[in-house]
Amino acid sequence: PSPTPSPTTTPTPSASPTTSPTPGAGDVVINEILADVPMDAAGDANGDGVRLSWQDEFIEFINRSNLPVDVGGWYIRDSKRQTFVFPSPSVIPGEGVFVVFGGGTPTGEFGGATVFTVGTEYGLYLSNEGDSITLYDGEGTVRTAVSFGVEWSLDQSLNRWPEETGDFAPHASIPEAEGRLFSPGTRLSGSPFEPFPTPTSTSVPSPSPTPSAVPTAVPATPVPSPTCGPAPDIPWYFPAGADFDGDGSTDLGVFRPDSGRWLIRGSTRVWFGTGGDVPAPGDFDGDGSSDLAVFRPGPGLWLVRGVTRVYFGKEGDLPVPSDFDGDGTREFTVFRPSSGSWFTRGITKIYFGREGDFPVPADYNGGSGDAIALFRPATGLWLVRGATRFFFGNGDDIPRPADYDGDGGADPAVFRPCRGLWLVRGTTRFFLGSCLDQPAPGAYAGGGDVPAVFRESSGLWVVPGVTRAYHGKTGDLPLSR
């Protein structure tokens, strides 16, 4: 849904902001900001049962020292005005967290954080169009500051990552958040920061008068803009899925290209293939489970473990094992970008597409077998042979069609790495992952498919509502993609 702007419009910062500095030890830092409150009930950040944008806006601070600090008399300013003065005394323990909401009646544990409310109409005055936030102490000295632009208007909070010390990123794009849109007072995962004091809640009906100290204007530290672009090294798309044990659920699995090793979590570890082989799993024998298979581009050799080996294709071809006749068995299929040709062994050869197109065959009708289909990154054009064509996505997107609504048919969908945004045509949008992640949707709980990501740098898998696990390492390729 479109975000609801806060009542006050403030200027957008520089179009090329610089990176936020790492906070020093002992600093009070801003760790999380919610300016663009999500629509409907999902935006009830203060937990009082009412979504009201100015009341649910919040700023989360962390005392990074091991000593208590009295923030009484400290105050917050945005780019135009002072918005809140902390009452005296307001002692925040060492390593303690404190959160300021715009208003309402904050209800919940908030991880044991100390909670304040502004209480006056329009609260913190945070603007969706870009704003700055500066915390001054009672002497008018800047203790911490950040700024953000309209490009961060994403229906979710901004959170440091790593927490306390890192740059800001959209909350739901960070795997540890598992799709959560905000986490006032807690870590991204919803767990408390440790150690914590006994929770307290302070309600402030209205800001105190402006302190006598006149602060010297100090530029706020801007939040860096993300660099858009597809995650690297993910040219392959497998419509076959990765159910290696035949239980109806997608398995967490990776292929290690440098050694030809397959690692299926909870199932098997086996060497099959060599360096340079492309994993191409699928049910090639019709037994209801995916087979380990590789395509060797040089000679165009397909190897299916325990089933067969055939020569079909050549250097430059993209393997896309597909079930075009709907019999439950994958056919050896390649797409040749140089000529826009599709070759299916023993069935057909057709021209459909051109160089630069991305093959996305899938069962878009549900039950009738896979259809030859393409995604054209240059224009965001989808072409499904003999059925339809439409524009959905752009050049920075990675196409990942899957059965997201559980109706048995594949839904056109894209993953936008620079924002961690999943877009499913005609159905939904979802924040999960970042430009560090490879999209790996699948039916991890059986039934319909769900968005999921694999972080190659750490081997982290995040499947919202199902699991969060480490399986794999740098250089591995996820088998469900």
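These figures come from a predicted structure and were not determined experimentally.

Caption draft 1: Molecular detail of the sheet that holds strand β32 (residues 428–431). Spatially, β29-β30-β31-β32 is the arrangement adopted by the four strands of the open sheet, whose pairing is antiparallel. A single partner strand is all that each edge strand has here, and the edge strands are β29 (398–399) and β32. The pairing of strand β31 (residues 421–424) with β32 spans four bridges and is classified as antiparallel. Paired with V424 across the strands is T428, a residue of β32.

Caption draft 2: Layout of the sheet that holds strand β10 (residues 142–149). Strand order in the open sheet formed by four strands is β5-β4-β9-β10, with antiparallel pairing between adjacent strands. Looking at the sheet topology across the chains shown, the edges are occupied by β5 (82–85) and β10. Sheet twist, expressed as the average angle between the axes of neighbouring strands with direction ignored, equals 15°. Pairing analysis gives seven bridges linking strand β9 (residues 130–136) to β10, with the strands arranged antiparallel. Residue pairing in the sheet places D131 in a bridge with F148 of β10.

Caption draft 3: Inspection of the packing of aromatic side chains at higher detail. Overall, the coordinates contain 21 aromatic pairs when judged by the stated rule. Taking the centre distance of 4.9 Å and the plane angle of 80° together, the rings of F84 and F86 count as edge-to-face. Given the relative accessible area of 0%, F84 is considered buried. For F86, a relative accessible area of 1% corresponds to the buried category. Members of the aromatic cluster, joined through ring pairs, are F61, F84, F86, F98 and F116. Over the face of the ring belonging to Y125 we find R81, whose NZ or CZ atom lies 4.4 Å from the ring centre. When the ring centre of F390 is taken as origin, the NZ or CZ atom of R425, which lies over that ring, is 3.8 Å away.

Caption draft 4: Inspection of the pairing of strand β23 (residues 341–344) at higher detail. A two-sided burial pattern is seen for β23, the buried positions comprising S341 and F343 on one face and W342 and T344 on the other. Where strand β22 (residues 333–336) folds back onto β23 in an antiparallel hairpin, the turn is made up of four residues, including G340, whose phi is positive at roughly 65°. Linkage of β23 to strand β24 (residues 348–351), two consecutive antiparallel strands, is achieved through a turn of three residues, within which G346 is found at a positive phi near 75°.

Caption draft 5: Layout of unusual backbone geometry. That bond from S88 to P89 is cis: its omega, -5°, falls within 30 degrees of zero. Following the sequence through the fold, P89 ends up in the loop between β5 and β6 (91–92). Note that the residue after W161, namely P162, is joined by a cis bond; omega there is 0°. Its location among the elements puts P162 in the loop between β11 (158–161) and β12 (167–170). One non-glycine residue, D40, adopts positive backbone phi at about 60°. Phi angles above zero are rare outside glycine, and E178 is one such case at about 50°. Mapping E178 onto the fold places it in the loop between β12 and β13 (201–203). Owing to a relative accessible area of 28%, E178 belongs among the partly exposed residues under this scheme.

Caption draft 6: Looking closely at the pattern of salt bridges. All told, the structure shown has twelve salt bridges when counted by the stated rule. Measuring nitrogen to oxygen at the nearest pair gives 4.0 Å for the salt bridge that ties R81 to D78. The salt bridge partner of R330 is D370, with a shortest N-O separation of 2.9 Å. Taken together, the residues span a long stretch of sequence, with R330 in the loop between β21 (318–319) and β22 and D370 in the loop between β25 (358–359) and β26 (373–376) at a distance of 40 residues. Here the two residues R330 and D370 agree in accessibility, since each one is buried.

About the criteria used
- For every chain, the first residue of the written sequence is number 1, and numbering continues from 1 onward in sequence order.
- At least 70 in pLDDT is required for a residue's local features to be given in this predicted model, at least 80 for side-chain atom pairs to be given and counted, and no such filter applies to totals for whole chains, interfaces and linings, which use all residues.
- Hydrogens and water are ignored here; the side-chain numbers use all heavy atoms of the structure.
- Strand pairing follows a simple DSSP-based rule, namely that at least 2 bridges must link the two strands.
- Only DSSP runs of H or I with at least four residues qualify as helices, and only runs of E with at least two residues qualify as strands; both kinds are numbered from the N terminus onward.
- Axis lines are fitted to C-alpha atoms, over the contacting stretch for helices. Their N-to-C directions set the angle, which ranges from 0 to 180 degrees.
- Note on ring pairs: Phe, Tyr and Trp rings are taken, using the six-membered ring of Trp, and paired if centres are within 6.5 Å. Classes follow the plane angle, with under 30 degrees stacked, over 60 edge-to-face and the rest tilted.
- Exposed residues in this analysis have more than 50% of their type's maximum accessible area, buried residues have under 20%, and partly exposed residues fall in between, with area computed by a 1.4 Å probe over protein chains only.
- The rule is short: NZ of Lys or CZ of Arg within 6 Å of the ring centre and within 35 degrees of the ring normal puts a charge over the ring.
- By definition here, a salt bridge exists when the distance from a side-chain nitrogen of Lys or Arg to a carboxyl oxygen of Asp or Glu is within 4 Å.

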